[in-house]
Amino acid sequence: QVQLVESGGGLVQAGGSLRLSCAASGRSSVAMAWFRQAPGQEREFVVGLNWSSTPRYADSVKGRFTISWDNTKNTLYLQMNSLKPEDTAVYYCAARNAYATSTYDVDYAYWGQGTQVTVSS
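So, here's what we can say about the structure. (Residues numbered from 1 in each chain as written. Predicted model: local features only at pLDDT ≥ 70, side-chain atom pairs only at ≥ 80, totals over all residues. Heavy atoms only, no water.)

1. Details of the environment of Glu6
- Relative to the elements of secondary structure, Glu6 occurs in strand β1 (residues 4-7).
- Remark: the alpha-carbon pair of Glu6 and Glu44, spanning 38 residues in sequence, is separated by 17 Å.
- A polar contact of 2.8 Å, which involves the side chain of Glu6, links it to the backbone nitrogen of Gln113.
- A distance of 2.7 Å separates the side chain of Glu6 from the backbone nitrogen of Gly114, its partner in a polar contact. (Helix = DSSP H or I, 4+ residues; strand = E, 2+ residues; numbered from the N terminus. Polar contact = N/O pair within 3.5 Å; in protein donor to acceptor, adjacent residues only side chain to side chain.)

2. Structural notes on the nonpolar core
- Of all hydrophobic cores here, the largest spans 35 residues; its most connected members are Leu4, Met32, Trp34, Leu76, Leu78, Met80 and Tyr91.
- When contributions to this core are tallied by element, the ones reaching two or more residues are β3 (18-24), β4 (31-37), β5 (44-49), β7 (65-70), β8 (75-80), β9 (89-96) and β11 (115-120).
- The dominant element in this core, judged by the number of residues it contributes, is β9, at five residues.
- Each residue touching Met80, except ones within four places of it in the same chain, is listed here: Gly16, Ser17, Leu18, Leu20, Arg64, Phe65, Tyr91 and Val117. (Core = buried A, V, L, I, M, F, W, Y, C linked by side-chain atoms within 4.5 Å. Buried < 20%, exposed > 50% of the residue type's maximum accessible area, 1.4 Å probe, protein only. Contact = heavy atoms within 4.5 Å.)

3. Describing the state of the cysteines
- This structure, assessed with the given rule, holds one disulfide.
- Between Cys22 and Cys93 runs a disulfide, and the two sulfur atoms are separated by 2.1 Å. Taking the sign of the torsion about the S-S bond as the criterion, the disulfide between Cys22 and Cys93, at about -75 degrees, is left-handed. Note that Cys22 is positioned in strand β3 and Cys93 in strand β9, a separation of 71 residues in sequence. We note that Cys22, like Cys93, is buried. (Disulfide = S-S within 2.5 Å.)

4. Overview of the pattern of salt bridges
- Within this structure, the stated rule accounts for five salt bridges.
- Put simply, Asp87 and Arg36 hold a salt bridge, and the shortest N to O gap is 2.9 Å. Of this pair, Asp87 sits in the loop between β8 and β9 while Arg36 sits in strand β4, and the two are 51 residues apart along the sequence. Grouping residues by exposure puts Asp87 and Arg36 together as buried.
- Between Lys62 and Asp59 there is a salt bridge; the shortest N-O distance is 3.2 Å.
- Owing to a relative accessible area of 64%, Asp59 belongs among the exposed residues under this scheme.
- Overlapping salt bridges, with partners in common, bring together Arg36, Glu44, Arg64 and Asp87 in one network. (Salt bridge = Lys/Arg side-chain N within 4 Å of Asp/Glu carboxyl O.)

Remember, this is a structural readout, not a statement about activity or role.
Here it is as structure tokens:
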């Protein structure tokens, strides 16, 4: 079992930055990822980190977002820079019992509660 708790969302102007955190109860043999869901849209993959901490980014966030894992704190981070209004969404942390990440939300068994990110123009 993995329990995930996100924090760090908020309101920011376009071009600004935010850092999201996802505290995990454990991360043995799991791949982790961030997804987001905007109003009226399906949940979409943002970035994932496989068991050996190799990242995989969606094209829409490459060069702007950075995922990282802190072993000492059992926490997953998402550093978001150069934010755009289209990044506005609820962001979710997710984990799956597998080595590799997946871009499909159905492949993840564990989810956080979500944190709202709003980017104003």
